[in-house]
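# Structural overview for review
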Amino acid sequence: MPVAAARPPEAEEPPVRRLYRSAEGRWLGGVARGLAGHLGLPVTWVRLVFLGLFMADGLGTLLYAVFWIAVPLGVGGRSAEPRPVFETAPDGRRRLRKPDRGQLFALVALLVGAVVFVANTDLGGPANRYVWPVLLTGAGVVLVWRQADNARRARWTGDGRRRRLLPLARGLAGVALVGTGLTVFVVVRGSAAQLGNVLTAALAVIVGVALLAGPWLVRMTQDLSEERLMRIRAQERAEVAAHVHDSVLHTLTLIQRNADDAGEVRRLARAQERELRNWLYRPEGTGKDEAEEPATFADAVKRAAAEVEDKHGVPLEVVVVGDCPLDERLTAQLQAAREAMVNAAKYGGRGGAVQVYAEVEVRTVFVSVRDRGPGFDPGAVPEDRMGVRESIVGRMQRNGGTARLRSVPGGGTEVELEMERADG
Amino acid sequence: MTEQTDATGGTERRVRVVLVDDHRMFRAGVQAEIGRTEETGVEVVGEAADVDQAVAVITATRPEVVLLDVHLPGGGGVEVLRRCAGLVVAPEHPVRFLALSVSDAAEDVIGVIRGGARGYVTKTITGADLVDSVFRVQEGDAVFSPRLAGFVLDAFASTDAPPVDEDLDRLTQREREVLRLIARGYAYKEIAKQLFISVKTVESHVSAVLRKLQLSNRHELTRWATARRLV
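The name that an unreviewed UniProt entry assigns to chain B is DNA-binding response regulator, with the source organism given as Streptomyces spongiicola.

Per an unreviewed UniProt entry, chain A is named Histidine kinase, and its organism is Streptomyces spongiicola.

### Points about the overall build of chain A
Scanning chain A from terminus to terminus reveals 14 helices and seven strands. Buried residues in chain A amount to 33% of all 424 residues. For chain A, the accessible area works out to roughly 25,700 Å², and carbon and sulfur atoms hold 62% of it.

### What about a nonpolar patch on the surface?
Residue and element names in this part refer to chain A. On the surface, a cluster of nonpolar side chains totalling about 770 Å² of accessible area is made up of Phe-54, Met-55, Val-108, Val-112, Val-116, Phe-117, Val-118, Trp-132 and Leu-135. Sorting the residues of the nonpolar patch by element identifies helix 3 (43–55), helix 7 (101–120) and helix 8 (128–157) as the ones contributing at least two each. Per element, the largest residue contribution to the nonpolar patch is five residues, and it comes from helix 7. Within the secondary structure, Val-112 sits in helix 7.

### Description of the packing of aromatic side chains
Scanning the entire structure with this criterion turns up two aromatic pairs over all chains. One cation-aromatic arrangement involves Arg-370 of chain A over Tyr-186 of chain B; the distance from NZ or CZ to the ring centre is 3.9 Å.

### Some details on the nonpolar core
Counting 54 residues, the largest nonpolar core has Ile-58, Phe-97 and Phe-144 of chain B as the members making the most contacts within it. Top contributing element to this core by residue count: helix 8 (residues 146–157) of chain B, with six residues. Setting aside residues no more than four positions away along its own chain, Phe-97 of chain B makes contact with Ile-58, Val-66, Leu-68, Val-80, Leu-81, Cys-84, Val-88, Ala-117, Arg-118, Gly-119 and Val-137 of chain B. Grouped together as the second largest cluster of nonpolar side chains are 34 residues, Val-356, Val-365, Met-396 and Met-419 of chain A included.

### Focus: the pairing of strand 1 (residues 15–20) of chain B
Remember that side chains alternate between the two faces of the sheet whenever the strand is regular. All names here are of chain B. For strand 1, a buried count of five out of six residues is recorded, marking the element as mostly surrounded by other parts of the structure. In this sheet, strand 2 (residues 42–48) lies alongside strand 1 in parallel orientation, the contact comprising six bridges. Note that in strand 2 the partner of Arg-16 across the bridge is Glu-43. Bridging between strand 1 and strand 3 (residues 65–68) involves four bridges; their strand directions are parallel.

### Regarding the side chain of Asp-371 of chain A
If you trace the backbone, Asp-371 of chain A turns up in strand 5 (residues 364–371). Not counting the four nearest positions on each side in its chain, Asp-371 of chain A is found in contact with Ala-344, Gly-348, Val-354, Gly-412 and Thr-413 of chain A.

### Quick look at the sheet that holds strand 6 (residues 402–407) of chain A
Sheet strands pair by backbone hydrogen bonding; their relative direction is either parallel or antiparallel. All names here are of chain A. Strand order in the open sheet formed by five strands is 3-4-5-7-6, with mixed pairing between adjacent strands. For this open sheet the edge positions go to strand 3 (316–321) and strand 6, each flanked by a neighbour on one side alone. Averaged over all adjacent pairs, the angle separating strand axes in this sheet is 10°, with direction ignored. For strand 5 and strand 7 (residues 413–420), the ladder comprises eight bridges, and the chain directions are antiparallel. Counterpart to Val-365 in the pairing with strand 7 is Met-419. Packed on one face of the sheet, helix 12 (residues 297–312) meets strand 3, strand 4 (354–360) and strand 5 and runs near 175° to strand 3.

### Some thoughts on the UniProt feature "transmembrane region" (unreviewed entry) in chain A
Residues and elements named next belong to chain A. When the UniProt feature table is mapped onto this chain numbering, "transmembrane region" (unreviewed entry) sits at residues 48–71, 104–124, 130–148, 168–192 and 198–218. End C-alpha to end C-alpha, residues 48–71 measures 20 Å, and it is 83% helix and 0% strand. What you have in residues 198–218 is 100% helix and 0% strand, and the ends, taken at the C-alpha atoms, are 29 Å apart.

### Topic: the confidence of the model for chain B
Residues and elements named next belong to chain B. Per-residue confidence for chain B gives a mean pLDDT of 79, with 81% of residues at or over 70. Confidence drops under pLDDT 50 across residues 1–11; counting only partners more than four residues distant or on other chains, this segment forms 16 contacts. Low confidence marks residues 159–165, where pLDDT is under 50. Its contacts with residues over four positions away, or in another chain, come to six contacts. Across the interfaces of the predicted complex, the ipTM metric reaches 0.74, alongside a pTM of 0.56.

### Here we look at helix 11 (residues 188–195) of chain B
Residues and elements named next belong to chain B. Of the positions making up helix 11, those classed as buried are Tyr-188, Ile-191, Ala-192 and Leu-195. Angularly, the buried residues of helix 11 cover 100° about the axis, an arc narrow enough to put them on a single face. Residues of helix 11 that are exposed and point more than 90 degrees away from the buried face comprise Lys-189 and Lys-193. Count one or two residues on from helix 11 and you reach Phe-196, which has phi positive near 55°.

### Things to note about helix 12 of chain A
With 16 residues, helix 12 of chain A should reach 22 Å at 1.5 Å per residue; the first-to-last C-alpha distance of 22 Å fits that figure. Of the residues trailing helix 12 of chain A, Gly-313 of chain A is marked for its positive phi of about 70°.

### Thoughts on the pattern of salt bridges
Applying the stated criterion across every chain yields a total of 21 salt bridges over all chains. We note a salt bridge from Arg-338 of chain A to Glu-307 of chain A, for which the minimum N-O separation is 2.5 Å. Of this pair, Arg-338 of chain A sits in helix 13 (residues 328–348) while Glu-307 of chain A sits in helix 12, and the two are 31 residues apart along the sequence. Judged by its relative accessible area of 30%, Arg-338 of chain A is partly exposed. A salt bridge links Arg-406 of chain A to Glu-414 of chain A, with the shortest nitrogen-to-oxygen separation between them at 3.2 Å. Accessibility expressed as a relative area gives 34% for Arg-406 of chain A, which makes it partly exposed. Residues participating in the shared-partner salt-bridge network are Arg-370, Arg-372, Arg-404, Arg-406, Glu-414 and Glu-416 of chain A together with Arg-184 and Glu-190 of chain B.

Reading the values: the criteria
- Residues numbered from 1 in each chain as written.
- Chains lettered and ligands numbered in written order.
- Predicted model: local features only at pLDDT ≥ 70, side-chain atom pairs only at ≥ 80, totals over all residues.
- Heavy atoms only, no water.
- Helix = DSSP H or I, 4+ residues; strand = E, 2+ residues; numbered from the N terminus.
- Buried < 20%, exposed > 50% of the residue type's maximum accessible area, 1.4 Å probe, protein only.
- Areas by Shrake-Rupley, 256 points an atom, 1.4 Å probe, with all protein chains shown as cover.
- Patch = residues over 30% accessible without salt bridge, like charges linked within 9 Å, V, L, I, M, F, W, Y side chains within 5 Å.
- Salt bridge = Lys/Arg side-chain N within 4 Å of Asp/Glu carboxyl O.
- Phe/Tyr/Trp six-rings, centres within 6.5 Å; stacked < 30°, edge-to-face > 60°.
- Lys NZ or Arg CZ within 6 Å of the ring centre and 35° of its normal.
- Core = buried A, V, L, I, M, F, W, Y, C linked by side-chain atoms within 4.5 Å.
- Contact = heavy atoms within 4.5 Å.
- Pairing = 2+ DSSP bridges.
- Axes fitted to C-alpha atoms, helices over the stretch in contact; angles between N-to-C directions.
- UniProt positions renumbered as here; feature names shortened; annotations may be inferred.
- pLDDT = per-residue confidence, 0-100.
- Arc of directions from axis to C-beta.
- Expected span 1.5 Å × (residues − 1).

This is the structure in structure tokens:
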């Protein structure tokens, strides 16, 4: 088995045992590869079997053709990683570009087969009249079918626009081959004189069939596209339902269980509200990837507020005006603001929502965190209260910004953070 | 307005309110929260769940304040405002609209403000604050929530393109300052103290902002909203 050495054995089990023709790494229709994947055999064996069957009066060809027509093209024929192959070989010409050893071997086998075929067939005899037209027609059919597969795959991968001329030429060549083959067949069978009549009759029949079946076909196509639309809608709805089920119902259950703990209930409800709102109103194309770090200041402020809100169960009302990319200084400011939010939530959360206001101006970025809690006397802050002194005021000063703290006993606390923007 | 003396003969304020919201539960909740007329002075005289109902109820009851949801079947709060435009400017007995919304989309909210609503509050507002807002709107003031102030600042902050209509599209320094303080969660009284002006002055600044918002050209806001993919 020289070929088996060239390719790793492809005997891994696909998760769903359905027969597909393989779209990747195929030579002709992907039948052998698909079968190999389905049966758990090395693809070479299947190919050899087909070759052997071909010797048996062309049975292999017939079998192959039936498989090609009846089995849908899929990605799961063999458990290869479909994506990388998809990207490297978007069209079916991969075989021509980099022939590997297996393919060379196949080519040699094909040549040998052809030689054997020619030697065994009496090309000079009366069979000649049938063999050539059949071969021509077969080649044409193969081309056209291969073409249809490519179009289908192009639709999946989405880059069908790239080379439009080549597929068209290929399709035309296939049709021409079939046409020539059939014509030759007719010509050699009957007399050439009757060709005109036969063609006219055939044309009439085709037109008649088209007239009869045309409207029905159009209707069917329309129904199909409509059905597809409905299915897409249903899928969308199912996705929403699934999300609501996953998160909202889950949260409602938690709330029922924690009904006595008002703080916990509020925390859950707020977290869920925010999440659902983000999910519903997120701009198109923004993934649901929550793990990613926010890249802009506005997002970062909102994220920080959301985290504090979740952790401390105090609502934070966030208003952000303008936006800009994050840099080192702004990150420092953000950390200070976060500390201020935590303080406000911890000590001032009883007085209602904490107001967070951030504004990106032309030269500066301003953040204010305000609570309506009991407040305190900033002058009387004990030395060990490092939160304010170090995390807020110190951090801002180290990075070239300013922090102002205003607190009136009984009148709430406000922290104002101002930072110069690096790029004016 | 003239509701200072009423049935009880005291100085108790009274205001007649119509609730427009398509969620029955929400209407019931608001009703329970602010509708205890003896305590709050708010009398809910009608409810509506969609645009047609709203127009009918408002025309029939002639309330002083309408609490208007932004999202409604039949065209939304903007449509109600459009069809009640005659009542809004009625000289004798104007109907004031206060937008009350869960929506975070600035375009929605600013849309109703442009349509003629006198203010906007979110549904997370407390009952007491809502009563206060209703009275303020009844007296002809504008009511801005911090979030709305943020939206407005954001809309007017785009300094990249020259404004088409300078005096309408620009906010004065003072108005901007007032809006900033509102966005930071200050009450009107606190703003007055902070800026050393009277509460009346604060209110007139806010009203000026509201007027500019209703009159200024739509381009800026549309551009702004489009840039944020809100529309």
